[in-house]
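Analysis of the macromolecular model
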Amino acid sequence: MVSEHQVIIVGLGLAGLSAARTLQNRRLDVLLLDENSSPGGQYLRSVSRSIGTDSRPVRENLKRVGHQLVRDLYHAGMTVKHGTQTVGLEADGTVWTLGKEGRVEKHHADHIILATGARERFLPFPGWTLPGVISTGAAQILVKSAGMLPGRNSVVGGAGPLPLALAGDICASGGRVRAYWNQSSWSQQLHTLKGCRYHLSKVTLGMRCLTRLVASRIPLFHGYKVLEARGNKVLEEVVLTAIDHDGHVIQDSEKTFDVDCLAVGYGFVPNLELAMLAGCEIQHDMEKGGWVVKVEDNLQSSVPPIFAAGELTGIAGAEKSIIDGCLAGLSVAGKLGALNNATDKAEVKQLQKRRQREMAFGALLNSLCETPPGLFDGLPDQTMICRCEDINLGQIRKEVSNGVTQLESMKKATNCGMGKCQGRTCGPIIQEILTALAQAIPENIRPYSVRNPIKPVPLSALAESNDKELS
């Protein structure tokens, strides 16, 4: 059985929610798919079905907008499938899902809006696989969703705004942050701030977080990286070190902290797998955060039925995701003949102007997340790179010396990317390593190829579905 719809939206973060609200009053048959148990993505991680009666104050205006999007979703009467993984997608608009009950289902729509978001980007260091070393996103989930501190004593840092926000959240929740560090130097960050004159509200929010850290007397280290995480089976100690502009270690600058949690994050990588599976063209653009889906001004991809919104088209923050969702929704409505008045067309033009402004802001943020070329030079060969297949940096270096310069070739040579995560963690890391060690051009190193299903599916579910196209 195939369920037929006019529109399928994959992902209910801010972009997916915004697209859903745009379409909800146009009497279109829309199916919403999301693998989380509640809508909102990471930005609204604490949102639940009871949000309509939630009286907690929301200070950020964008979160107010996000909360309203969730309320609108549940009042709209759309078909929503939570806890549902989208594991397959074809260019004709055919979608395969794996639901909470473990059953594979097939859907089809005239148009697909992909709003699959992004995942955190990691950079390796000795000890990064120790229990107690977690991503800033995981720590944020603990604080925002579970009401738990990630540790008794934490060190937080990396690149971009998320580590700073997390450190502020931990302090506000009564936790102890032993140190906050940033890969970028003060001069790099101040240079970026000069370009933020049209985004003063975002700068103010960041300064508020920084002020909270200063008021809490937390040591701040700019132009630093993690030299090593140490511990006997669990994290016990973190060593930070200063780096120069190219990422090389500055001798005798180490700072050591006794902690039980190290939260690190280096920006984001778009979840491109579904778009690539359907044959959508991707492009490399450092200002957009690396590899992204190539789209037209109306957010239509190179595969006509498929539109992309949010981080898929460029990492630029929550406001850009909301704009993308609205623009994609209006574009799909136009394709279905539900966009037929001057007001709608004027809104499209206004959204496109606002989107350009947010993309410019995203370019500034992404510049702070670029990996310095010398960051891998001092890493020991034993440093783990691919956790799933137990591949270390020494093995990667050996294959680079043998002439390997592509992810697919590295996979064949070492089995990296063959584990359960299918290269979602190690892929971007190895791209960075190949760029640095092989002195390759980033746009020449394509992401891992993908095929159905993009996530693990039980054999029993495949057998029950009896769908040869997916299996």
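Just above sits the structure.
Attention in this report is confined to the structure presented alongside it. Fair warning: this is a prediction, and the values are worked out from it, not measured in the lab.

1. Description of the packing of aromatic side chains
Taken as a whole, this structure holds four aromatic pairs when the rule is applied. Linked through ring pairs, Phe-221, Tyr-224 and Phe-257 together constitute an aromatic cluster. Sitting above the plane of the Trp-128 ring, Arg-387 keeps its charged end 4.5 Å from the centroid.

2. Focus: empty space enclosed by the protein
Inspection of every chain in the model, using the stated rule, returns one cavity of 30 Å³ or more. Size it by volume and the largest cavity reaches roughly 80 Å³. For the largest cavity, the full set of lining residues is Leu-123, Pro-124, Phe-125, Lys-225, Val-226, Tyr-266, Leu-375, Phe-376 and Leu-379. In the lining of the largest cavity, the residues fall into eight nonpolar, no polar and one charged.

3. Regarding helix 4 (residues 162-172)
Of all the 11 residues making up helix 4, eight are buried; the element is thus mostly covered by neighbouring parts of the structure. Gly-174 sits one or two positions beyond helix 4 and adopts a positive phi of about 90°.

4. A look at the pattern of salt bridges
Taken as a whole and judged by the stated rule, the model has 16 salt bridges. We note a salt bridge from Glu-432 to Arg-121, for which the minimum N-O separation is 2.7 Å. A residue pair is termed long-range when its members are at least 10 positions apart, and Glu-432 in helix 12 (residues 426-437) and Arg-121 in the loop between strand 7 (118-120) and strand 8 (133-135) qualify at 311 residues. Given the relative accessible area of 21%, Glu-432 is considered partly exposed. Residue classification places Arg-121 among the buried positions, given a relative accessible area of 8%. Via salt bridges that share partners, Lys-81, Glu-101, Arg-103 and Glu-105 belong to a single interconnected network.

5. Considering the state of the cysteines
Within the structure shown, the criterion is met by zero disulfides. Residue Cys-421 stays outside any disulfide, its sulfur separated by 4.0 Å from that of Cys-388, the closest cysteine. Assessed through its relative accessible area of 21%, Cys-421 is described here as partly exposed. Counting only cysteine sulfurs, Cys-386 is the nearest neighbor of Cys-426, a cysteine outside any disulfide, at a range of 4.0 Å. Relative accessible area serves as the criterion here: at 3%, Cys-426 is assigned to the buried category.

6. Details of the environment of Val-156
For Val-156, the location among the structural elements is in strand 9 (residues 153-159). You can call Val-156 buried: its relative accessible area is 0%. Separated by 21 residues in the primary sequence, Val-156 and Val-177 have C-alpha atoms spaced 7.2 Å apart. Sequence-distant contacts of Val-156, defined by excluding residues within four places in its chain, comprise Pro-163, Leu-166, Ala-167, Ile-170, Val-177, Ala-179, Tyr-180, Trp-181 and Ala-263.

7. Digging into the packing of helix 5 (residues 186-193) against helix 9 (residues 342-368)
Their axes nearest at 10 Å, the elements helix 5 and helix 9 cross at an angle of 175°. With respect to helix 9, the element helix 5 is oriented roughly antiparallel. Along its contact with helix 5, which presents Gln-188, Gln-189 and Thr-192, the element helix 9 presents Leu-364, Ser-367 and Leu-368. Looking at the contact of helix 5 with helix 9, its residues break down into two nonpolar, four polar and no charged.

The rules behind these values
Residues numbered from 1 in each chain as written. Predicted model: local features only at pLDDT ≥ 70, side-chain atom pairs only at ≥ 80, totals over all residues. Heavy atoms only, no water. Phe/Tyr/Trp six-rings, centres within 6.5 Å; stacked < 30°, edge-to-face > 60°. Lys NZ or Arg CZ within 6 Å of the ring centre and 35° of its normal. 1 Å grid on protein atoms, 1.4 Å probe; cavity = no way out; pocket = protein on both sides within 12 Å on 5 of 7 lines; lining within 4 Å. Points joined across faces, edges and corners; volume = space filled by probe spheres on them. Nonpolar A, V, L, I, M, F, W, Y, C, P; charged D, E, K, R; others polar. Buried < 20%, exposed > 50% of the residue type's maximum accessible area, 1.4 Å probe, protein only. Helix = DSSP H or I, 4+ residues; strand = E, 2+ residues; numbered from the N terminus. Salt bridge = Lys/Arg side-chain N within 4 Å of Asp/Glu carboxyl O. Disulfide = S-S within 2.5 Å. Contact = heavy atoms within 4.5 Å. Axes fitted to C-alpha atoms, helices over the stretch in contact; angles between N-to-C directions. Parallel < 35°, antiparallel > 145°, perpendicular 65-115°, else oblique.

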